[in-house]
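For reference, the chains in residue letters:
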Amino acid sequence: MLRLAPLVIPPDANHRVHEDDSEHKPEPATFHDAFVSGRGGVRERVFDLDSRPSALDLFLVVARVTLEIALRKEFDYLIPPELVGQVEVGSRVKVPFGPRQVMGCVTALIETSTHVNLKPLLKVIGARSLVTPGILELARWIGDYYCCAPEIALKSVLPEAVRKEREGWRERLFVRSAAPGGDSPKLTKRQQEILKIVEERRELPLQELLALAGTTANTIRRLEDKGLVAIALQVSERDPYARENILPTQPLALNAEQGKSLAQIIAVMDGSGPGVGSTTFLLHGVTGSGKTEVYLQAIAHALERGKGAIVLVPEIALTPQTVERFKARFSHGPLKTLVAVLHSHLSAGERHDEWHKIRQGRARIVIGARSAIFAPVEPLGLIIVDEEHEHSYKQEESPRYHARDVAVVRGRMEKAIVVLGSATPSLESYHNAKKGKYRLLEMPSRADDKKMPLVRVVDMRQEGNKGKGPPIFAQRLKDAITTRLERKEQTILFLNRRGFATSLQCPKCGYVAECPNCSVSLTYHRRAQRLCCHICGHAAAPPNVCPNDQCRNAAIRFAGLGTEKIEDVLTKLFPKANVRRMDSDTLQRKEDYRTILGDFRRGKIDILVGTQMIAKGLHFPNVTLVGIIHADLSLHQADFRAAERTFQLITQVAGRAGRGDVEGEVIVQTFTPFHPAIQFARRHDFTGFYDEEVGFREQLRYPPLGRVALLTLKGRNEEKVAFSAEHLRKELEKVLKDWKDLIIAGPAPAPLARAETFYRHQLMLRSGRMSHLSRELARLLMVLKLPEEVTLAVDIDPVNLA
Ligand code: ADP
Ligand code: ZN
């Protein structure tokens, strides 16, 4: 008997209108009306996603499909008899669309369609549905909350490598030993050697055997003819970490703070603590407090309960070192499982294989950057977001989702525990913890009783340089580096700006070399002998004389500091020291990152100079000195989070010092030594900083005390952009006139007024609640008329205001 899934209309389900697939009917007047509430379209019966109906149910012969081409509509297709049983909610399918064939995702299975002449589905991709019902629901939430078309949200939840029509497993020739019956035939010594390798390994790729035995394929073929080995094509999984030699680790005995934190997490998982079901924890633990060990043991507990885990880390913290800690713990013992890794440095093939290991349930743990939040772990018990304050969790293109916030929503939907961890929590998360929305776990001291490093602030205004302006290094920093070199300890120097000089100026006429496409000055890269734009990548040879025709001054000068200059000056000051620079200019190939860090760990480098790439998560016991060259750089930004960012950066960079037996020292060079961000960071005082900063945010109703939506209009014609922005403001005022707690700021040129030849104007909306506002904005977007060359980007909860 076939069980018919119950018909349910979830109270908040997105009932959609759908149109006949062959012709374009006009959009409903207000798309969101139809999309959200079912008004404007036929109210269809939609199946509850949890019940996961399959088209085995004979009555469900129509599949509703979201196509990959952005049309903000869904289409109904007939499930042909030969595909019955293969189509599920979440299946990827190929369908006819006009004269074309396009890919889409099944979002519902229904009994009948209100449309006639439905065309049949052509093909189902993959044996199992690729998008799980949970992920499908999450994609819908993203579409609604972040104001983007559902197809765009849906597209981002599956990696490109997985969305291909054919599964991309790599097949290779493998050699297997085939135990011969009876007497072994006579073999040469060479053949015996080869056979011994094959027998020892039982099975190995042909290429590997050829390399190992130093032989040719013909020789192996001859062994095959004798019936001693078999050669066959086989799926060969790509393992990006195959070269790593990972030694198993055991759980550490937790200290009291760690134990308390873990106990609270476990209590909720076991359903014995308060907040059973889904709970979000904020784990505020200083750098080196042993947060990772808590994560590892919480994951172990989830595995014991038969559930999987997702660990999000910022892209730049996805070092082999981090990944190894997770792989090593779960590489053995009763909880042994594969740990899948997802990040942008994988090849498409590697990503495909890692993803399918998760989908097949062989990898129960996923560690990855932002988009790993969509990993199809089923059932999901735990989501960890490490360094939750990191801005790289926000995607800067549509859908502009924040992976931390998506994690919290996914946790709620799938009844999983969410742990947000940081030494410098975002004010948003800390505020949520203070309000009781998240549960706060505190670990105020370092795990191994190492002291927090001593932070000294150097006032660069006081550093004389014989009337030439401030030097690059304060005397104190130079002395400290000298001492470290003598003691064979290591130093990290941090400056969040790459290049040699940040501008090229003419002291006579005031000319500054600017990007022809963007409203920024060009940075001079000396090694490459180029003036480069860090926004659009424009590059030009530096002029020898001032390009201003009226001036032609030969004494043009470079001003401002970048990491390349720091490296250069260091090698002159400390000729015997081994200095290396790590920024995106020095990382050309994908191994460079691990090579440099490997050299640093092995002590081959005395001083490592770098941008924010070296600020996060690195753990080197021999680093006893950290220098921050220009700590106030991030303060001078037109962004309400400038102080928060500065506080976080100083605290995180300082956290790299003194992780070993010798106490660490941090020297902060600044021109604004008394700024609260710098002073609170000096004292490792997060809550002090929070209290001070929140006061300022409250006055202007900035997050965490309000929500922000940033609307950016872009176009090549500045007048049209400015005009469109004014028009948008009027429309917003009309639509939102009864909205009480709303502030509309702008329009005004964006801080980055022009980028890649596009002029940019912005409006900022601030309000107490976002979900209603998103809905209103989506409604407005559907009817808003803008000139053709002007585009509008909506960024909900933006982290980048430029
Ligand atoms: P965080 O992630 O909070 O910055 P880590 O997890 O990297 O901190 O831990 C810092 C160091 O302390 C690591 O070397 C780790 O092995 C060590 N550590 C963590 N927990 C313990 C413990 N309970 N006992 C001893 N050492 C620990
Ligand atoms: Zn540019």
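The preceding data block contains the structure.
None of these values were measured; they are calculated from a predicted model.

## With respect to the pairing of strand β24 (residues 607-610)
Move 1: Covered by surrounding structure in β24 are Ile607 and Val609 together with Leu608 and Gly610, the residues of both alternating faces.
Move 2: Here strand β17 (residues 490-494) runs beside β24; their pairing, made up of 4 bridges, is parallel. For Ile492, the partnering residue across the bridge sits in β24 and is Leu608.
Move 3: As paired strands, strand β23 (residues 579-582) and β24 are joined by 4 bridges and run parallel to one another. Within the sheet, the bridge partner assigned to Arg580 lies in β24 and is Leu608.

## Considerations on the coordination of the zinc ion (ligand 2)
Move 1: Taken together, the protein ligands of the zinc ion (ligand 2) are Cys515 (SG), Cys518 (SG), Cys533 (SG) and Cys536 (SG), with distances of 2.2 to 2.4 Å.
Move 2: Look at where the donors of the zinc ion (ligand 2) fall in the sequence and you get C-x2-C-x14-C-x2-C. Judged on exposure class, the residue Cys515 and its partner Cys518 are both buried.

## Points about the sheet that holds strand β5 (residues 123-125)
Move 1: The sheet built from 5 strands is open, its strands ordered β2-β1-β4-β3-β5 with antiparallel pairing. If you trace the sheet from one side to the other, it starts and ends with β2 (74-78) and β5, each paired once. Across the sheet, the axes of successive neighbouring strands diverge by a mean angle of 45 degrees, strand direction being ignored.
Move 2: As paired elements, strand β1 (residues 62-67) and β2 share 5 bridges and run antiparallel to each other. Bridging from a neighbouring strand, Val65 pairs with Phe75 of β2.

## As for the side chain of Ser767
Move 1: Relative to the helices and strands, Ser767 is located in strand β29 (residues 758-767).
Move 2: Relative accessible area serves as the criterion here: at 1%, Ser767 is assigned to the buried category.
Move 3: Only 3.3 Å separates the side chain of Ser767 from the backbone oxygen of Arg769, close enough to count as a polar contact.
Move 4: Other than its neighbours up to four places away in sequence, Ser767 contacts Gly706, Arg707, Trp739, Asp741, Leu742 and Leu773.

## Description of the sheet that holds strand β25 (residues 623-628)
Across a sheet, paired strands are connected by hydrogen bonds in the backbone, their directions being either parallel or antiparallel.
Move 1: An order of β16-β26-β25-β17-β24-β23 is seen for the 6 strands of this open sheet, with the pairing classed as parallel. Two strands bound the open sheet, and with one partner strand each, they are β16 (454-459) and β23. For this sheet, the mean inter-axis angle between neighbouring strands, taken without regard to orientation, is 20 degrees.
Move 2: Bridge count for β16 against strand β26 (residues 665-670) is 6 bridges, and the pairing is parallel. By the bridge assignment, Leu454 is partnered in β26 with Glu665.
Move 3: Relative to β23, helix α15 (residues 563-573) is tilted by about 175 degrees, and along the sheet it contacts β17, β23 and β24.
Move 4: Against the sheet, helix α16 (residues 592-601) contacts β17, β23, β24 and β25, and its axis sits at roughly 145 degrees relative to β23.

Rules used throughout
- Residue indices follow the written sequence of each chain, beginning from 1 at its first position.
- The order in which chains are written sets their letters, starting at A; the order in which ligands are written sets their numbers, starting at 1.
- Where totals are concerned, whole chains, interfaces and linings use all residues; where local detail is concerned, this predicted model gives features only for residues with pLDDT of at least 70, and gives and counts side-chain atom pairs only at 80 or more.
- As a rule here, side-chain values come from all non-hydrogen atoms in the structure, and water together with hydrogens is ignored.
- The buried label applies to any residue whose accessible area, calculated with a 1.4 Å probe on protein chains only, is under 20% of its type's maximum; exposed applies above 50%, and partly exposed to all values in between.
- Secondary structure follows DSSP: runs of H or I at least 4 residues long count as helices, runs of E at least 2 residues long count as strands, and numbering of each begins at the N terminus.
- Criterion used throughout: strands pair if DSSP finds at least two bridges between them.
- Atoms are scored as donors when they are N, O or S and lie within 2.8 Å of the metal, with 3.2 Å used for Na, K and Ca; no water is included, so coordination may look incomplete.
- In this analysis an axis means a line fitted to C-alpha atoms, helices contributing only their contacting stretch, and an angle means the value between N-to-C directions, from 0 to 180 degrees.
- Side-chain atoms alone can form a polar contact between residues adjacent in sequence; in general such a contact is a pair of N or O atoms within 3.5 Å, and within protein one must be able to donate a hydrogen while the other accepts it.
- Here, two residues are considered to be in contact whenever any of their heavy atoms come within 4.5 Å of each other.

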